Structure formats: C-alpha cells, structure tokens
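Listed below, chain by chain, are the residues.
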Amino acid sequence: MNARVETPMRRWQPSWTRALKPLAITLASSISLSAAASLLVIGDDLPVEPMPLDIESQRYLAFNEATFAFYSDKQFEAISQLLANQKRGLFNNDTEYAELMLGELYVNFGLAEQAEEIFNRLLKKDILAQLRAETWLHKAALNYRRGQLNEAAEVLASKRTDGLPAEKNARRHLMLANIRIGQEEFGEALASLHAIPAGTREGAYATYNMGVAMIRADHIDDGVRMLSGVLNLPPGDEENNALKDRAALAIGLTHLKREQIEQARAALIRVRADGPFSNEALLALGLSNFKRKEYRRALPLWLELVRRNPSHQSVQEALLLAPRAYEELGAMPQALAGYRFATETLRDELRQVELAIRNVDEMNWLDRLKSHDKAGSMNRDPMATTGNYSADAGPEMPYLYRLFASHDFAEQFRQYMELDRIHSLLRDWQQSVPAMEQAWSNQLTKLQANLPNVRARLVAVKKQQQEAGAETADIQVNMPRKLDMTRPQDLADFEQLVRWEIISEFDRQTRNQPASSSQRERVRRVKGVLLYNIASNAPQNRQQQHNDITTALEDIDIVGLRIAAAEQLVRDASLHIRSDLGNRLNSRRQDIDRMISDTEKLMAQLGQLLRNDALQVLAENRIQLGEQLAEAHLAMARVQDASFSERLQEKGQ
Amino acid sequence: MKTSSKIVLVGLCTALLTGPLAASDEGLSRQIHNLKQNVLDLNRDLSLLERELLYPSSESAIFVSVDVGTPIRLVDVNLTLNGKHVGYHFYSEQEFTALTNGGIHRIFHGNLPSGRHTLEATVTGYDPQGKDYQKTTSHTFIKQAGRKMLELRVVDDLSTMQHRFEFREWNE
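These numbers were taken from a predicted model, which means no experiment stands behind them.

On to the overall build of chain A. Looking only at helices and strands, one finds 23 helices and 1 strand in chain A. Across the 653 residues of chain A, 37% fall into the buried class.

What follows is the structure in structure tokens.
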C-alpha cells in the first residue's frame, strides 16, 4: 500500500471554460450587431436571419466543438481540432482561451515543453487577472508533475495565484499541501489544508496523506489526530469508505507499534469486515489480542482469515499465526494440523507464483491486460481514460494488485495504452491514406472530363436565368395598376382564359353570319356571361397574379443562388485539379510507416519495463513464500519434538 | 513469538506507510515525447488534407448545443433533411455533461446542394422528474454558395419543464 494516496483522477473545471463564457456573450452580441442592427441578442432572443460566418463565429463553433471533445474524454480529438484550426489561421496567440485549453491538453498528453511555452507566452501578455492566476496555476501544476516542487511551491504560495475561483483555489492549496507534506513542513501544510473546503474528497485524501507523513516523521500524536479526522468523516461512497478504512488501519497499526493495545483495538474494529482492508485489520486485531496473551480471542480472527484467499499476504501470515496460537493454548494436535495445512497451502501458493511468473514472462501478457481496456470502452481516443486492467482473472493478479494500485505502474501502463491507441490510430491512417489517394485520383479524372462541359452549360443556364428574371421583372413593371376590362384576358384566371380563347375563336368564325343568327346571338350571350365572371373575379385574380410574380421572382433568385453555388464549385474544382494534394498524401504515407515502426519499438521497451516490475514483485513474493514455508516446516518439527518429549516424559513418569 | 509478531507488524506498517519506487527511463521518455509531437502534427495535417479532399469551400454542418447547466437531460437527437435521414446521436452521460459545459456537437457534416432545405429534428429527453418525452421541430433554410453552419439549440422551457428549440444560422 502506498503511504501517499494519490488524489483520485478528477476533472478540474478547465480555466478556459470560464474564459469562454464572456467570449460567448461577446460573440453573441457582436454577431447580432453585425447581422442585423435592429436585433438584440440577449438570452434566447436569437436573430431570425442568417448571420455572416465571420472569423468570430467560426472561432465560436470551432472552440466549442473542441470543448465538447474535451469533456467527452476525447482529449486527443480536442487537441487535434485546436491544432488544425490553428493551422487554418482561426486560432493564434491572441485567442487566449484556445491557448489555455491547448496548454492544458499538452500537459495531459505529457508534452510539458510545449505547454510551458504557451503558459510563458500567456503570462507575458496583458490578460485578465483571473486568467493570469489560472495560467500561473497551470504552470505550477506543470512544475509539480515534473518534480520541480520548490518552483511549484513558490508560485502556489505567492500572490500570483490569488483571485482564483473557489474550485481552482482548492486545487492550488491541495497541491501546496502535498508539497509541504513531502517537505515535512507540517505547519504550512496544515494552513493549506484549512483552505480546502471541508468534506471534499480531495481534502480527505490530503488529510490522510498528511497524517501518514506526520507519523513517519515521528509527530505521531498529531498524525493520529489527522487520521482520526478522516476516520470520523460521515459514510460516503465506496472510495470514501475505503479511505476511512485505510485511516482506521493506519491508526490501529500505529497504536499497536507503540504497544497501546486498547487504542489499537478501538481503531481496528472500525475497519469494515467486507472492505478492501479487512484482511489486514483481522490480522492486526489478532495481533493485538496475542500481545495481551489473549490467545483464545486471537484465534477466531486468524481462523477466519485462513479461510480467505491465500494469495493475500495477511492470509499467509495468519496461516502461521493461527497454529502458533494453538501452541500457546497447549493444543498441540491442532497446532500440528494447522502447520500442516499451512505448508500445503503455502506450497500451492508457491506453485501459483511460479505459474504467474511464467504467465507474465509470456509475450501476450500485456495483450491480456489491454484486452480489458478494449472490452471496457469503445473510446479509442489515445488520451482516453485507461480501463480497469486489474480485473483479469490470471493467476498473477492477486499478487500484483498492490503493484497495479501503485501510481508509477498506473502511469507507465497509461503511457503504454496511449502508445497502443496511437498505434491503432496510425494503422487506421495507414489504411485510409491509400483510399484517399484513390478518391483523389477518381475525382481528378472525373473533374478533368466534366469541367469543360459543366462550364459551358453553366454559362447557358446563367443566361437563361437572367432572361427569365428580366422577363418576369418586365411583367411586374408593366402590370396595370387599375382593373382594365378592355383586355379581359389579362384579368382572367387560367380556366377563364381558355374559355375566353374558345369563345373568341367562335366569335371570329361566326362573324360572317348575319347578326340576327341564333348562333351569333348565343356566342354573344356566352361571351357576356364570361365577361361578367371575369369582371367579378378580377380583383382576386389580379392579386393572385401579383403573388405569382413575386413567387416567380423568388424562385429565379434561388436559381441565381444555385448558379452562384455551382460557379463556386467549379472554382473549387479548378483549384482542386491544380493542387498538389496527391503528393502531400503520398509524403505523409511514408511518415506513417516510419511512425508505426517507432511506436512498436517504444511499446516493446515500455512493455518490458512493465513486465520487469511485475516479475520483480512476483520474485519477492516467491522469496517470502519460501521463507514462510520453511518457517512452517520448522514449526511442525518443533511441535512434533515437543509432543514426543512430552510423551517420553509421561512414559518416564 | 514476540519477534515473529513484531516482524508481521513491521511488515504491515511498511506496506501501509511506504510506497514503491518509480522506474524511470529518461531516454525512453524523450523518444515517447518526440513520437507524440510527430503524431499530433501528422494527425493535424491528415485531418486538413481529408477535409480538403472531401469538402469543397461550400461545406455545411449542423451542430447541437444545450443550455449551460440545464436540469433537463437530453437523450438523443434524430435529424432528417428534406425527409431523408442524415444524422442520429445518442448522448452518453459524459457527452451530455460536455454539452452542459458549453460544448457543441457536430451532428452532421457534408456537402448540401444549394437551395431551400427543410430540417426536421426529433429530440428525446427526460424532464427533471425523470419522465421521458419526445419533441419534433422543423426549420427551413436556404443554402447559398458559401459554407452554411446551423446550430440547433435545445433550451429549457422552465414553464413546461421540457425542451424547446432555437435555430441559429450562419452563411459564408
């Protein structure tokens, strides 16, 4: 177990989000002002008309898209988007909010130099006081990560980080407290701890770390007091309760070491029986009874422990201690049986450790660890959170849980997974780039074949649209303002117009007949009725004509827009044909092959480091099990000798 | 026995009060550092090349955003454009948090023909009481020669404790 418990991975509210809020408001107002001066954008009052896609609007969309990726655990995507938009000229040194986000992402990706360059650049500028304080905080965090603790402490303790929002101020003091604890400057650490809001998880971890550090530095009473603060926290989630268990165990062991048995027992019984530290607590509780020669009270605790998984170190200790308690009680047959059980169990465990060593030594051990990460998450972002690799059921896992829980192993494994995902990303690009080259080649062939024809047709269509527009405008201009029945066909609707033309034709054909002929009379009457109908509907028909003309003009305008869009596409296509996209794709393909090879080499090296760490732990376990096995055998011999001597004495008497 | 129990106790204390040492390799770290920088450059360049290849200067995109800190949970958004399905996204808890922190999600990215289009969005969500509901809205817009960006803002309607929609358009 680590003395210093790492603060759980927490997503701090990035400082650029705060920078974004005023930006969003400014953007909204500037956009609205430029789009339509009469519209005011406040809250939900959005402009009805489309706004121009100016640089600030593009920044708003691009930055918030990166924010979405950042918070969705796709930090690599976020960093890629920011860098791509930087190259497109959207973000630059003056977009401080994007700079700060990029700096934070560089820190998270382990590119400290690039992050520092950004932070230094920001600090030289005349920026808002809060943004400046947040940049200093990031810079201090960077120093902290690099182990430059004095530099970090100097910044964190100075006024440069004053004026941070509450959450970031808590982070500042947590970091400072951890540094002071490491330097054994407990007074200053305590002052920083007081600045962390009570009841937070970070505060609890820091208090625990401080308590343990004080005990190690011989400030035992103060240390126990700090740990009691953690122990007396109200029950919370599993992580909180585990920390409380851990504090209780640390207090118990400290008292036990000082022979303060009652206080030790009082602390140890507060460790939960089903918690992750129950084995250690049972062992220590048994020891506290044993020290007071209360063997009968120690025995059930250790007998409970020996029924548990024997790969746990406390269980292995209990395998030897339980028969030892029987010995003290004079129950030699039970003691002998206990030692015999211990030798069998320890031998089995030794076999398991050998098997585990072979497993870890195999090449696919890391692949098996990786498989949990792959199964646990669909997120293949290289910077995504690593899955729980300790859940594997291999024989080595019970022995390695402590190694897996250590910060250094976790950090190295995280790097290994980062490389693995980078490798997958490069493999994807390796497959995509030839497809892109093929797509480019197809586009080129098609565009070269079709462009001349498209250009010619576009010219013709544009002429047609302009003529139609002129004609429609002409009709609109020449439309009489008054309803004039001298030309009834201009006021008729379509149906009336057809009838008017038929009747006019009849009229023309019957014009040679006598005026009194019944046919001419009939045509005259029908014509009269039709004229009456046309006159009756004339106002509505004229209105309809106005509407139709307006719609036609709108449609002609949209056709104009479409022609402009097509012209834009033709311009794009012309540039596309002349561009060297194919060459650029080809050169990048060679880079990908080289990077895949580099990644594989680095993964092999890092994998070997991880494997060595695991093998070292297993080797230590093997030595310890061997020693315990020897101790069990010696104890068996001792008990057998004692029994034999007793029997001899009894016979002698 | 006193010695044995002391050894056990020391072992327990050591386990609890000390941590393992770190294995570090400066050369390896530097190599990893360089590789990461190269991968970032490569990824940036290829993303830009891909964009250049696939999207002419008249590309279109539709974004989804929500009110910052909304108590109403957005579950999924289904988009149709002129009656044809163009996008669907289910928002995980983490993605919804990303939206409430001011992020915007690009739900559609492509090349739209110029002219008039009708967008229909169906949104499923949970109100603060956990009751699910579905709402559909439509919006007509005109795509011109340049780029077209459209933001669908899913905002709180505190009177009904459900979402309502607002659209924001940008033309290049």
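Attention shifts here to helix H3 (residues 75-87) of chain A. Residues and elements named next belong to chain A. The terminal C-alpha atoms of H3, which comprises 13 residues, lie 18 Å apart, in line with the 18 Å expected from a rise of 1.5 Å per residue. Counting buried residues in H3 gives 11 out of 13 residues, a clear majority hidden from the surface. Every buried residue of H3 is listed here: Gln 75, Phe 76, Glu 77, Ala 78, Ile 79, Ser 80, Gln 81, Leu 82, Leu 83, Ala 84 and Asn 85. A positive phi of about 90° marks Gly 89, the residue just after H3.

Now for unusual backbone geometry. A negative phi holds for most residues other than glycine; trans holds for most peptide bonds. Of note, the phi angle at Asp 73 of chain A is positive, near 60°, even though the residue is not glycine. Here Asp 73 of chain A lies in the loop between helix H2 (55-71) and H3. Residue Asp 73 of chain A is classed as buried on the basis of its 20 C-beta neighbours within 10 Å. Within the chain, Asn 82 of chain B stands out as a residue other than glycine whose phi angle is a positive 55°. Mapped onto the elements, Asn 82 of chain B comes out in the loop between strand S2 (73-81) and strand S3 (84-90).

What follows covers the packing of helix H12 (residues 238-257) of chain A against helix H14 (residues 278-291) of chain A. Residue and element names in this part refer to chain A. Close contact between H12 and H14 brings their axes to 11 Å; oriented N to C, the two are set at 25°. Relative to H14, H12 is oriented roughly parallel. Helix-helix and strand crossings are classified by hand; for H12 and H14 the assignment is left-handed. For the pair H12 and H14, contact is made by Leu 249, Gly 252, Leu 253 and Leu 256 and by Glu 280, Ala 281, Ala 284, Leu 287 and Ser 288, respectively. The class makeup of the residues in the contact of H12 with H14 is 6 nonpolar, 2 polar and 1 charged.

Our next topic: helix H7 (residues 149-157) of chain A. Each turn of an α-helix holds 3.6 residues, which means side chains three or four residues apart point in the same direction. Residue and element names in this part refer to chain A. Considered for burial, the residues of H7 that qualify are Ala 152, Ala 153, Val 155 and Leu 156. The arc that holds every buried residue of H7, seen down its axis, measures 165°, which confines them to one face. If you follow the buried residues of H7, they end up packed against helix H6 (129-146) and helix H8 (166-182).

Attention now goes to the interface of chain B and chain A. The partner chain A presents 75 residues to the 67 residues of chain B that form the contact. Elements with a minimum of two residues in the side of chain B that touches chain A: helix H1 (2-17), helix H2 (26-54), helix H3 (93-100), strand S4 (105-110), strand S5 (115-126), strand S7 (148-157) and strand S8 (162-171) of chain B. It is H2 of chain B that contributes the most residues to the side of chain B that touches chain A, 21 residues altogether. A breakdown of the residues in the side of chain B that touches chain A according to their chemical character gives 31 nonpolar, 22 polar and 14 charged. Taken together, the 2 bridges between strand S1 (residues 51-52) of chain A and S8 of chain B define a ladder with parallel strand orientation. Bridge pairing in S8 of chain B links Met 51 of chain A to Trp 170 of chain B.

On to the sheet that holds S7 of chain B, then. A sheet is described by the order of its strands in space; here 5 strands give the open sequence S1(A)-S8(B)-S7(B)-S1(B)-S4(B), paired in mixed fashion. With partners counted over all chains shown, the strands left at the sheet margins are S1 of chain A together with S4 of chain B, one partner each. The sheet contacts of H2 of chain A involve S1 of chain A together with strand S1 (60-66), S4, S7 and S8 of chain B, and relative to S4 of chain B the element is tilted by about 120°.

Attention now moves to the pairing of S1 of chain B. All names here are of chain B. Buried residues dominate S1, accounting for 6 of its 7 residues. Taken together, the 5 bridges between S1 and S4 define a ladder with antiparallel strand orientation. Directly across from Ile 62, in S4, lies its bridge partner Phe 108. Bridging between S1 and S7 involves 7 bridges; their strand directions are parallel. Considered in S7, the bridge of Ser 65 is made with Arg 153.

To continue, consider the sheet that holds strand S6 (residues 132-143) of chain B. Residue and element names in this part refer to chain B. Strand order in this open sheet of 4 strands is S3-S2-S5-S6, and the pairing throughout is antiparallel. The open sheet is flanked by S3 and S6, the only strands paired with a single partner. Put simply, the sheet's adjacent strands are angled 20° from each other on average, direction ignored. Here 8 bridges tie S2 to S5, and the two strands are oriented antiparallel to one another. Its bridge partner lying in S5, Asn 78 is registered against Thr 122.

Here the focus is the packing of H14 of chain A against helix H15 (residues 295-306) of chain A. Residue and element names in this part refer to chain A. Axis separation between H14 and H15 bottoms out at 8 Å; the angle between their running directions is 160°. It follows that H14 is roughly antiparallel to H15 by the angle criterion. Relative to H15, the crossing made by H14 is left-handed. Mapping the contact onto sequence places Asn 279, Leu 282, Leu 283, Leu 285, Gly 286, Asn 289 and Phe 290 in H14 and Tyr 295, Arg 297, Ala 298, Leu 301, Trp 302, Glu 304 and Leu 305 in H15. Residue classes in the contact of H14 with H15 are distributed as 9 nonpolar, 3 polar and 2 charged.

Scored by pLDDT, chain A comes out at a mean of 84, with 89% of its residues at no less than 70. Note that pLDDT drops below 50 for residues 1-45 of chain A; the model gives that stretch 74 contacts with residues more than four away or on any other chain.

A word on the nonpolar core. Counting residues in hydrophobic clusters, the biggest one holds 162 residues, and the most contacted among them are Met 210 and Trp 302 of chain A. Among the elements that take part in this core, helix H23 (residues 581-652) of chain A stands out by supplying 14 residues, more than any other. Among the nonpolar cores identified, the runner-up in size contains 5 residues, and Ala 565, Ala 566 and Leu 569 of chain A together with Ala 145 of chain B belong to it.

Conventions and cut-offs
- Residues numbered from 1 in each chain as written.
- Chains lettered and ligands numbered in written order.
- Predicted model: local features only at pLDDT ≥ 70, side-chain atom pairs only at ≥ 80, totals over all residues.
- Helix = DSSP H or I, 4+ residues; strand = E, 2+ residues; numbered from the N terminus.
- Buried ≥ 20, exposed ≤ 12 C-beta atoms within 10 Å, placed from the backbone.
- Expected span 1.5 Å × (residues − 1).
- Axes fitted to C-alpha atoms, helices over the stretch in contact; angles between N-to-C directions.
- Parallel < 35°, antiparallel > 145°, perpendicular 65-115°, else oblique.
- Left-handed = near helix turned anticlockwise from the far one by under 90°.
- Contact = placed C-beta atoms within 7 Å.
- Nonpolar A, V, L, I, M, F, W, Y, C, P; charged D, E, K, R; others polar.
- Arc of directions from axis to C-beta.
- Pairing = 2+ DSSP bridges.
- pLDDT = per-residue confidence, 0-100.
- Core = buried A, V, L, I, M, F, W, Y, C linked by C-beta atoms within 7 Å.

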